[in-house]
Amino acid sequence: MTRLVLGRLLRVVITLTAVVLITFLLTTVAYNDPARLIAPDNATEETLASIRATFGLDQPWWVQLWRYAVVGPPIQGVATGLLNVPPSLGYSYVSQRPVTDLILEKLPATASLALGAFVLWMLVAVVLGVLAARRPGGPLDRITSVIAYTTLSVPVFVVAVLLIFVLYFQLSLAGIHLFPSGGYVPFSESPGEWARHLILPWTALVLVQFGPFQRIVRSSVLEVTGKDYIRTATAKGLGPGRVYFDHALSGAANPILTLGGIELASLMGGAIVTEQIFGIDGIGRLAVRAASTGDAPVVIGVTLVGAVFFVLITTLVDLVTHARGGR
Amino acid sequence: MTLFELSHLSVEFPAADGTTVPAVSDVSLAVDAGRTVAVVGESGSGKTVSLLAATGLLDGAVVGGSARFDGVELNGLEPRRRRALLGARIGFVFQDPASNLHPFKRVGAQIAEAVRVHRRGSRAEVAARVASLLADVGLDGEARIARAYPAELSGGQRQRIMIAIAIANDPALIIADEPTTALDASVQASVLRLFRRIQESHGTAIVLVSHDLGVAGALADDIVVVRDGRVVESGEARGLVSAPGDPYTRELVLAAQLHALPAGGVAPSHRRRGDDGAPVLRVSGLAKSYRAGRRRRPVVDGIGFDVAAGSITALVGESGAGKSTVGRIAAGLQYADAGVVEIAGVRLPTAVADGVPPLSPQLRAEVQLVFQDPYTSLNPRKTVAETIATARAVRPEWGHATVRSRVREVAAQARLDPGLLDRRPHELSGGQRQRTAIARALFPRPRLLVADEALSALDVTTQRQVILLLEELRDTQDLAILLITHDLGVVATVADAVVVLGPEGQEEAGEVDRVFGSPRSAYTRLLLDAVPRLDGRVAG
């Protein structure tokens, strides 16, 4: 177990290093003069040159990378690099604020969206997947299969816009104001409003994501229903509910956990389209804004945070599936 | 009083094209409370299917006839009432405990669940019940066992856990489907003893499903012989074994005798010549280790024995003792780390390495192998004749005509019908496949044949024919045969000498009548005690 943990940690470090390196190089290539972002519009060449000198933007890329990772931006005269504790992700060129603060501000909205949608679609997918596996080829299996492939082939923005059209626009016209059209209310302010604002985006994500997942649950469960230990469960006198939702699901859980972890991890990096459509000010929107303005430190920071979530969640799933025993 | 009764039970499976495939056509049996009935037959005879279908454990099976338990008709019983019987009044033990226990649940929790399904109780009461069940099956005193996952336990421990689950609610009937087949011989005997102890203390009736008349005879009061989905003979166990009426039962008795030790002791070696010539295979001080992580773990060490021309030497031991490793080294398919291995006077290279040692074609021709499973060891795309001629590469001097006549010659020696030479493996029976494998091995005129568990994948009746064939080849072709097996009954029947491998290495070696008659090692005695005897119940 210790060996496994150490090995995984080493992989995490290597992955994250690679992510920093690649995004750093890409942003240096894509955005060739951040000095203009920082300077006022009418700045002279001298001003630009002095900004470049202050931020080290005139240095070769490896020196810049070194400063980013170890020294940190020299704005307040304190070392604040990535490798410090707590790590600093630099300063936004555009808003002149620490990237770490920007991301921490947006994290609750993205996490609420991602975790809520994840819990909902896992529940839906697992229940429908196990029920479909009980009678493969039966009515429920066929219906869920059609729904799964239909929703899978409709892009999330279509689903989202349709949801807004029907459940917000049409209902509002009829004088019923069940759901807001968008926005985000922090949980700490009002749990009720928080949920009310998130229901439509959650539904959009669940509709798009549960289909393939339900098929995976179905096939994983189907794979174990012929196993001897399922017959043992029946021979103990257990009812079909326990046999399927406990014994079969637990036997089939490893692939489901692994794929679920990957899906959750990629959502934690920001659900870009969904956040845009529902006006949720999360990490996804932050990333889009930064990428379109050329705000390189924010782009690197958001990518890195997404990568950290990804490796942490997938590593956690690996350790959990390992700790579950079996083989 | 009859507790459990099948009368004219039939089972059919729906096929894809709408018709049904019959699996069982007419099986009847009756078990009285506290008694044991064995249902015996070969694989595919329908013995397991009958009992699973009767108790509703076969999804999709169409069951006809009647199955009554304690006055209740099981066929057509509503699921809720059937569930109240399963696990409570009828307990089950299945063949392979490795696949029948849930891999992701701790075994203690699996036993506790069996208790909780049928009775309410506090956490402490259930825990106490689990502890007493573990004690009942001889697993007490080890607190770690309840917290272990099945993969962390040995085969015998796992089967004891299965038995604890089966008796969790003091059932009136236990249905045990090949409960010892997946276990090593010494474990097999102790599990059979456990069944008997449970029966004596709880008055439980047992239906034992087995392919082995030896196991059935050791435990059962009555025996029902099933073939092709019908009962061919049934009766009181002792009478049926000593005077079988049906020819098929006689066949099963002969097969069981093969696996049992002869009542009057092993006859002295029938080797025609032995010590007169140099041995074909000479092994001494053989050692082999495998890489396990960064270190190497020894598999075998200090192995030494000879195999003479015209004799069969058996290499016995339980699974994991390194028998197959020795066989592969003797066949020149693996390096030995150290020691001397000589085939026909030529010493094989030794090295601490993996891979196949380079041997000359002449030497390759001297030793040939027959593998365990003829269903996987034959190339499905090749005809029997092509398979047999595979080894022509080691006889480059043989022309086409020689190869063709040699194929016919060895096919005849292996008692393989010439009409089968153009067939492919899927058109052959298990016995015909293993004869093909033997003919293939005989093709290059080897002087040594290594047969690695060459019988264990075959049906009991086929096993006997293959054994007779090996005996015949030893006598007529003057072959030296190294027979790797876990079956001491087979050794007693056919081998001239025996080498016993234990967990600590080579226990002893010598003539079979000497080793079996007066074993010097405690381990050999343990193995011998575990062999079922046809003429009585299990020892102890």
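Computed from a predicted structure; not experimentally measured.

(A) Structural context of the overall build of chain B. From N to C terminus, chain B includes 20 helices and 20 strands. For a compact globule of 540 residues, the expected C-alpha radius of gyration is about 24 Å, and chain B comes in at 25 Å, within 12% of that figure. With the C-alpha coordinates aligned to their principal axes, the bounding extent of chain B is approximately 75 × 50 × 45 Å. Relative to its full complement of 540 residues, chain B shows a buried share of 54%. Taking as baseline every contact in chain B between residues at least 6 positions apart, the subset at least 24 positions apart corresponds to 69%. A total of about 22600 Å² of accessible surface is found on chain B, and carbon and sulfur atoms cover 48% of it. Across chain B, the centroid of the 62 positively charged side chains sits 6 Å from that of the 62 negatively charged ones.

(B) Representation of the layout of surface pockets within the structure. One number sums up the size of the second largest pocket: a volume of about 980 Å³. Looking at the second largest pocket, it is lined by 35 residues, and the ones nearest its centre are Thr234 of chain A together with Gly56, Leu57, Leu58 and Asp59 of chain B. For the lining of the second largest pocket, the secondary structure elements donating two or more residues are helix H5 (99–134), helix H8 (191–225), helix H9 (228–235) and helix H10 (240–268) of chain A together with helix H1 (47–54) and helix H2 (79–85) of chain B. Sort the elements by how many residues they give to the lining of the second largest pocket and H9 of chain A lands first, with 4 residues. Of the residues assigned to the lining of the second largest pocket, the class counts are 18 nonpolar, 9 polar and 8 charged.

(C) View of the interface of chain A and chain B. Taken together, the contact between chain A and chain B spans 23 residues of the former and 26 residues of the latter. Between chain A and chain B lies a buried interface of about 2100 Å² when both sides are counted; carbon and sulfur atoms form 54% of it. When residues of chain A are sorted by the area they lose upon contact with chain B, Arg231, Ala235 and Lys236 of chain A head the list and together hold 30% of the total. Summed over the shared surface of chain A and chain B, the result is 3 salt bridges. When the shortest N-O distance is used, the salt bridge between Asp246 of chain A and Lys105 of chain B registers 2.5 Å. Along the contact surface separating chain A from chain B lie 12 residue pairs in polar contact (both at pLDDT 80 or more).

(D) A look at the domain arrangement of chain A. All names here are of chain A. According to the domain assignment, chain A consists of domain 1 (2–99) and domain 2 (100–323). Taken over C-alpha atoms, the centre of domain 1 sits 33 Å from the centre of domain 2. Tallying the contact residues gives 27 residues for domain 1 and 26 residues for domain 2. Summed over both sides, the interface of domain 1 with domain 2 buries roughly 2300 Å², with 71% coming from carbon and sulfur. For the pair domain 1 and domain 2, the number of links is 2 salt bridges. Glu105 is paired through a salt bridge with Arg97; the nearest N and O atoms lie 2.6 Å apart. Linking domain 1 with domain 2 are 11 residue pairs in polar contact (both at pLDDT 80 or more). No other element matches helix H1 (residues 2–30), which puts 12 residues into the side of domain 1 that touches domain 2. For the side of domain 1 that touches domain 2, a count of residues per class yields 18 nonpolar, 6 polar and 3 charged.

(E) Region of the structure containing the UniProt feature "transmembrane region" (unreviewed entry) in chain A. Residues and elements named next belong to chain A. UniProt's feature table lists "transmembrane region" (unreviewed entry) at residues 12–31, 111–134, 146–171 and 298–320, given in the numbering used throughout. Between the end C-alpha atoms of residues 12–31 the distance is 28 Å, and the span holds 95% helix and 0% strand. The span residues 146–171 shows a helical share of 92% and a strand share of 0%, and its end C-alpha atoms are spaced 28 Å apart.

(F) Layout of the packing of helix H7 (residues 155–166) of chain B against helix H8 (residues 185–202) of chain B. Residue and element names in this part refer to chain B. One way to put it is that H7 packs onto H8 with a least axis distance of 10 Å and a crossing angle of 20°. Between H7 and H8, the angle falls in the class roughly parallel. Handedness of the H7/H8 crossing: right-handed. Each of Gly156, Gln159, Arg160 and Ile163 in H7 lies in contact with H8, whose residues at this interface are Val187, Ser190, Val191, Leu194, Phe195 and Ile198. In the contact of H7 with H8, the residues fall into 6 nonpolar, 3 polar and 1 charged.

(G) Spatial organisation of the packing of aromatic side chains. Applying the stated criterion across every chain, the model contains 9 aromatic pairs over all chains. Between the aromatic rings of Phe187 of chain A and Trp194 of chain A, the centroid separation amounts to 4.8 Å while the plane-to-plane angle is 85°, which identifies the pairing as edge-to-face. Connected via pairs of aromatic rings, a cluster forms that spans Phe118, Trp121 and Phe213 of chain A. Here the basic side chain of Arg231 of chain A rests over the ring of Phe94 of chain B, its NZ or CZ set 3.9 Å away from the ring centre. Over the ring of Phe104 of chain B we find Arg324 of chain A; its NZ or CZ atom is 4.3 Å from the centre of that ring.

(H) How the structure looks around the nonpolar core. Residue and element names in this part refer to chain B. Core analysis: the biggest nonpolar cluster contains 88 residues, and Phe4, Leu6, Phe69, Ile161, Leu173, Phe195 and Ile223 have the highest contact counts within it. Apart from the residues lying within four places of it in its own chain, the contact partners of Ile161 are Leu101, Val107, Ile111, Leu134, Leu139, Ile145 and Leu153. Counting residues in hydrophobic clusters, the runner-up holds 57 residues, among them Leu261, Val407, Leu421 and Ala492.

(I) Quick look at empty space enclosed by the protein. Overall, the coordinates contain 4 cavities of 30 Å³ or more when judged by the stated rule. One number sums up the size of the largest cavity: a volume of about 80 Å³. In terms of lining residues, the largest cavity is bounded by Thr232, Ala235 and Lys236 of chain A together with Gly87, Gly91, Phe92, Phe94, Ala114, Met162, Ile165, Ala166 and Asn169 of chain B. If you list the elements that add at least two residues to the lining of the largest cavity, you get H9 of chain A together with strand E6 (90–93) and H7 of chain B. The element that contributes the greatest number of residues to the lining of the largest cavity is H7 of chain B, accounting for 3 residues. Here the residues of the lining of the largest cavity sort into 7 nonpolar, 4 polar and 1 charged.

(J) Structural context of unusual backbone geometry. All names here are of chain B. Of note, the phi angle at Asp228 is positive, near 50°, even though the residue is not glycine. With respect to the helices and strands, Asp228 occurs in the loop between strand E9 (222–227) and strand E10 (230–236). Asp228 sits in the exposed class, given a relative accessible area of 59%. Positive phi is not limited to glycine here, since Asp478 has a value of about 60°. Inspection of the secondary structure assignment puts Asp478 in the loop between helix H17 (460–477) and strand E18 (480–485). Note on Asp478: relative accessible area 25%, which makes it partly exposed.

Calculation notes
Residues take numbers from 1 onward in each chain, read along the sequence in its written order. Following the order in which they are written, the chains are lettered starting with A and the ligands numbered starting with 1. In keeping with the predicted nature of the model, local features appear solely for residues at pLDDT of at least 70, side-chain atom pairs appear and are counted solely at 80 or more, and the whole-chain, interface and lining totals rest on all residues. Water and hydrogen atoms were dropped before computing side-chain values, which therefore reflect all heavy atoms in the structure. The numbering of helices and of strands both runs from the N terminus, where a helix is a DSSP run of H or I of at least 4 residues and a strand a run of E of at least 2. A radius of gyration in this sense is built from C-alpha atoms; the matching globule rule multiplies 2.2 Å by the number of residues raised to 0.38. Under the scheme applied here, a residue whose accessible area is under 20% of the maximum for its type counts as buried, over 50% as exposed, and between as partly exposed, the area being computed with a 1.4 Å probe on protein chains only. Every residue pair with non-hydrogen atoms within 4.5 Å of one another is taken to be in contact. For every accessible area listed, the method is Shrake-Rupley and the probe measures 1.4 Å; residues are considered covered only by the protein chains on display. All tallies of charge rest on Lys and Arg as positive and Asp and Glu as negative; His and the ends of each chain are not included. Each charge is placed at NZ for Lys, CZ for Arg, CG for Asp and CD for Glu. Whether a set of points on the 1 Å grid over the protein atoms alone is a cavity depends on a 1.4 Å probe fitting there but being unable to get out, while an open set qualifies as a pocket with protein on both sides within 12 Å along at least five of seven lines; lining residues are those with an atom within 4 Å of a point. Grid points are joined across faces, edges and corners, and a volume is the space filled by probe spheres set on the points. Residues are grouped as follows: nonpolar covers Ala, Val, Leu, Ile, Met, Phe, Trp, Tyr, Cys and Pro; charged covers Asp, Glu, Lys and Arg; every other residue, Gly included, is treated as polar. The term buried area denotes the loss of accessible surface (1.4 Å probe radius) that occurs when two parts are joined, taken as the sum for both partners. Salt bridge, as applied in this entry: a Lys or Arg side-chain nitrogen positioned within 4 Å of an Asp or Glu carboxyl oxygen. Pairs of N or O atoms within 3.5 Å make up the polar contacts considered here, provided that, within protein, one atom can donate a hydrogen while the other can accept it, and that residues adjacent in sequence are counted only when both atoms are side-chain atoms. Boundaries between domains were set according to an automatic or database domain assignment. UniProt positions are given in the numbering used here, feature names are shortened, and annotations may be inferred rather than shown by experiment. Angles here are taken between N-to-C directions and fall from 0 to 180 degrees, while the axes themselves are lines fitted to C-alpha atoms, restricted in helices to the stretch in contact. For classification purposes, angles smaller than 35 degrees are called roughly parallel, those larger than 145 roughly antiparallel, those between 65 and 115 roughly perpendicular, and all remaining angles oblique. Left-handed describes a crossing whose near helix is turned anticlockwise from the far helix through less than a right angle; right-handed describes the clockwise counterpart. Here a Phe, Tyr or Trp ring, Trp counted by its six-membered ring, pairs with any other such ring whose centre lies within 6.5 Å, and the pair is stacked when the planes are under 30 degrees apart, edge-to-face when over 60, and tilted otherwise. For a ring to carry a charge above it, either NZ of a lysine or CZ of an arginine must fall within 6 Å of the ring centroid while also lying within 35 degrees of the normal to the ring plane. Think of a nonpolar core as a cluster: buried Ala, Val, Leu, Ile, Met, Phe, Trp, Tyr and Cys residues, connected wherever their side-chain atoms sit within 4.5 Å.

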